[in-house]
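Summary of structural features
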Amino acid sequence: LVDPGLHDLPTNIPVVRTLLAVQRAFPGGPAPEEVVVTGPGVDGAPVRQAVLALEARAAKSGPIRAPVTSALLGHGRVLVVSVPLAGDGTDAASSRALAALRGSVLPATLGKVSGISYAVTGITAANDDFTAQLDRTLPLVFVFVLGLAFLVLMLTFRSIAIPLMSISLNLLSVGAAYGLMTLIFQDGHLQGLLGFSSYGGIVPWMPLFLFGLSMDYHVFILSRIRELCDRGATTPDAIIDGISSSAGVVTSAAVIMVAVFSIFATLSVIEFKMFGVGMASAVLIDATVVRGVLMPAVMSLLGERNWYLPTWLRRCRGDAVLTQEAGVAAPASTAGTDPEVSRLSG
């Protein structure tokens, strides 16, 4: 996960080529990190000496590059020290330089001045901090989304197997989209076809955005299958009729969504291009391979076990449906009744 920085725009734009050339000649110069110093006495001698010590650590081949400059802002209440770093601002060299700045350089200079506090901001710091925050919170987001989806699907379809299968297939489609994005944008395949230059990473917010991909097709098809089962159809027949009767709607919706997202893949900004390719591939895989092949295959293997729900959960729901060893029996009031009559009476 890497912020694109200057690589967000195509390299064939003259101003981008110029900025990249300046970045190569003067690493960190166009967008240096900024150390914001606050507290009493930021314009005093101890702070000035600490800044001079920081400047002395700047070297042409080290993590901290020259020139290190400082400016007093807010009527002398805030000191901003601009520190160029090695690398282009978003690569591994810049991350190592930031770690050195935060871990050793600043504690050995400004950190020895009592009564002040400091923090580092800038392109490299923002990217590293955002990625670190994602690493800490992404598992919680996954657990929350998947747990909520499990509860909603369990209550809706009165089953344990259905939500487990749905979550697994959803993770499969999202994982496939992650793989395609890595193959194309991080590894640099299809650069000529899609018209971009790979910078060796993925925009940090993209994986979390793709994980929010809904299970609309899945719920739509499952609802149809459940309706047919409630009307007295066997599970294999319900799967066949449910898939076939909803195929036209699912295919049409998927075609529209893929077409819309594909437009983003034609744009020049690499973030929009990633969004278009990622969403279009996720929807296409979700509506074809996953929902059209894997879901009916798994449901056919499970058979009546698709509708298994433990007895204690049925009591919690106040369910009066009788259970059999293999699964759920059809309600007595609708068994042997014409499906249209059952639907109207329901």
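Residues numbered from 1 in each chain as written. Predicted model: local features only at pLDDT ≥ 70, side-chain atom pairs only at ≥ 80, totals over all residues. Heavy atoms only, no water.

1. A few points about the sheet that holds strand 1 (residues 33–38)
Paired through their backbone hydrogen bonds, the strands of a sheet run either parallel or antiparallel. Rules: At least two bridges found by DSSP between two strands is the condition for calling them paired. The helix and strand labels rest on DSSP assignments: H or I over at least four residues marks a helix, E over at least two residues marks a strand, and numbering proceeds from the N terminus. Only C-alpha atoms enter the line fits that serve as axes; for helices the fit covers just the stretch in contact. Angles between N-to-C directions range over 0 to 180 degrees.
In spatial order, the strands read 2-3-1-4; together these four strands make up an open sheet with antiparallel pairing. Sheet topology places strand 2 (69–73) and strand 4 (117–121) at the edges, where each strand pairs with a single neighbour. The average undirected angle you get between the axes of adjacent strands in this sheet is 20°. Where strand 1 meets strand 4, five bridges bridge the pair, whose relative direction is antiparallel.

2. A few points about empty space enclosed by the protein
Operational definition: Here a cavity denotes a set of grid points, spaced 1 Å apart and computed over the protein atoms alone, in which a 1.4 Å probe fits but from which it cannot get out, and a pocket denotes an open set meeting protein on both sides within 12 Å along at least five of seven lines; residues with an atom within 4 Å of a point are reported as lining. Grid points are joined across faces, edges and corners, and a volume is the space filled by probe spheres set on the points. Ten residue types, Ala, Val, Leu, Ile, Met, Phe, Trp, Tyr, Cys and Pro, are classed as nonpolar, four, Asp, Glu, Lys and Arg, as charged, and the remainder, Gly among them, as polar.
By the definition in use, this model includes two cavities of 30 Å³ or more. Size it by volume and the largest cavity reaches roughly 60 Å³. Around the largest cavity, the lining residues are His7, Asp8, Leu9, Pro10, Thr11, Gly195, Phe196, Ser197, Ser268 and Ile270. Considered class by class, the residues forming the lining of the largest cavity number four nonpolar, five polar and one charged.

3. Describing the pattern of salt bridges
Put simply, the rule reads: For this document, the term salt bridge refers to a Lys or Arg side-chain nitrogen within 4 Å of an Asp or Glu carboxyl oxygen. To sort residues, take the accessible area from a 1.4 Å probe on protein chains only and compare it with the maximum for the residue type: under 20% means buried, over 50% means exposed, and anything in between is partly exposed.
What the rule picks out here adds up to five salt bridges. Between Arg158 and Asp230 there is a salt bridge, with the nearest N and O atoms lying 3.6 Å from each other. A residue pair is termed long-range when its members are at least 10 positions apart, and Arg158 in the loop between helix 4 (123–157) and helix 5 (161–186) and Asp230 in helix 8 (residues 216–230) qualify at 72 residues. Owing to a relative accessible area of 19%, Arg158 belongs among the buried residues under this scheme. Shared partners join several salt bridges into a network, and the residues in it are Arg158, Arg226 and Asp230.

4. Observations regarding the packing of helix 4 against helix 5
We apply this condition: The labels follow the angle: roughly parallel below 35 degrees, roughly antiparallel above 145, roughly perpendicular from 65 to 115, and oblique for the rest. A clockwise turn of the near helix away from the far one marks a right-handed crossing, whereas an anticlockwise turn of less than a right angle marks a left-handed crossing. By definition, residues are in contact when any of their heavy atoms lie within 4.5 Å.
Running from N to C, helix 4 and helix 5 point in directions that differ by 140°, and their axes come no closer than 8 Å. Between helix 4 and helix 5, the angle falls in the class oblique. Note that helix 4 runs across helix 5; the crossing there is right-handed. Of helix 5, the residues touching helix 4 (which contributes Phe142, Leu146, Phe150, Leu153, Met154 and Phe157) are Ile162, Pro163, Leu164, Ser166, Ile167, Leu171 and Tyr178. Its residues assigned to classes, the contact of helix 4 with helix 5 comprises 12 nonpolar, one polar and no charged.

5. Overview of helix 8
We count it as follows: Residue count minus one, scaled by 1.5 Å, sets the expected span of a helix. Directions are taken from the helix axis to each C-beta atom, and the arc is the one they span.
In this model helix 8 runs 21 Å from its N-terminal to its C-terminal C-alpha over 15 residues, within 8% of the 21 Å that 1.5 Å per residue would give. Here helix 8 has its buried residues at Tyr217, His218, Ile221, Leu222, Ile225, Arg226, Leu228 and Cys229. Relative to the axis of helix 8, the buried residues are bounded by an arc of 160° and lie together on one face. On its buried side, helix 8 packs onto helix 4, helix 5, helix 9 (235–265) and helix 10 (270–302). Phi turns positive one or two residues past the end of helix 8, at Gly232, with a value near 110°.

6. Quick look at the nonpolar core
Taken as a class, soluble globular proteins show a tendency for nonpolar side chains to be buried jointly. Rule in force here: Residues belong to a common nonpolar core when they are buried Ala, Val, Leu, Ile, Met, Phe, Trp, Tyr or Cys residues joined through side-chain atoms within 4.5 Å.
If you look at the biggest cluster of nonpolar residues, it comprises 43 residues, and the most contacted ones within it are Phe185, Ile225, Met274 and Met299. Breaking this core down by element, the ones donating at least two residues are helix 4, helix 5, helix 7 (206–211), helix 8, helix 9 and helix 10. Ranked by the residues each element gives to this core, the list is headed by helix 10, at 13 residues. Leave out the neighbours within four places in its chain, and Phe185 touches Phe196, Ser198, Gly200, Gly201, Ile202, Ile270, Lys273, Met274 and Val277. Within the second largest apolar cluster, 25 residues are counted, among which are Leu85, Ala97, Leu110 and Ile116.

7. So, unusual backbone geometry
Apart from glycine, the bulk of residues carry a negative phi angle, and the bulk of peptide bonds sit in the trans form. The step from Ala66 to Pro67 runs through a cis peptide bond, and the omega angle for that step is 5°. As for its placement among the helices and strands, Pro67 is situated in the loop between helix 2 (45–56) and strand 2. With phi around 55°, His75 is a residue other than glycine that occupies positive phi space. Tracing the sequence through the fold places His75 in the loop between strand 2 and strand 3 (78–83). Its relative accessible area of 82% is what places His75 among the exposed residues. At Leu190, a residue that is not glycine, the phi angle is positive and equals roughly 65°. Inspection of the secondary structure puts Leu190 in the loop between helix 5 and helix 6 (191–194).

8. Observations regarding the environment of Ala31
Topologically, Ala31 is positioned in the loop between helix 1 (14–25) and strand 1. What makes Ala31 partly exposed here is its relative accessible area of 30%. C-alpha of Ala31 to C-alpha of Val83: the two residues are 52 residues apart in sequence and 9.1 Å apart in space.

9. Some details on the environment of Leu85
Note that Leu85 resides in the loop between strand 3 and helix 3 (92–108). For the pair formed by Leu85 and Leu101, sequence separation is 16 residues and the distance between their alpha carbons is 8.7 Å.

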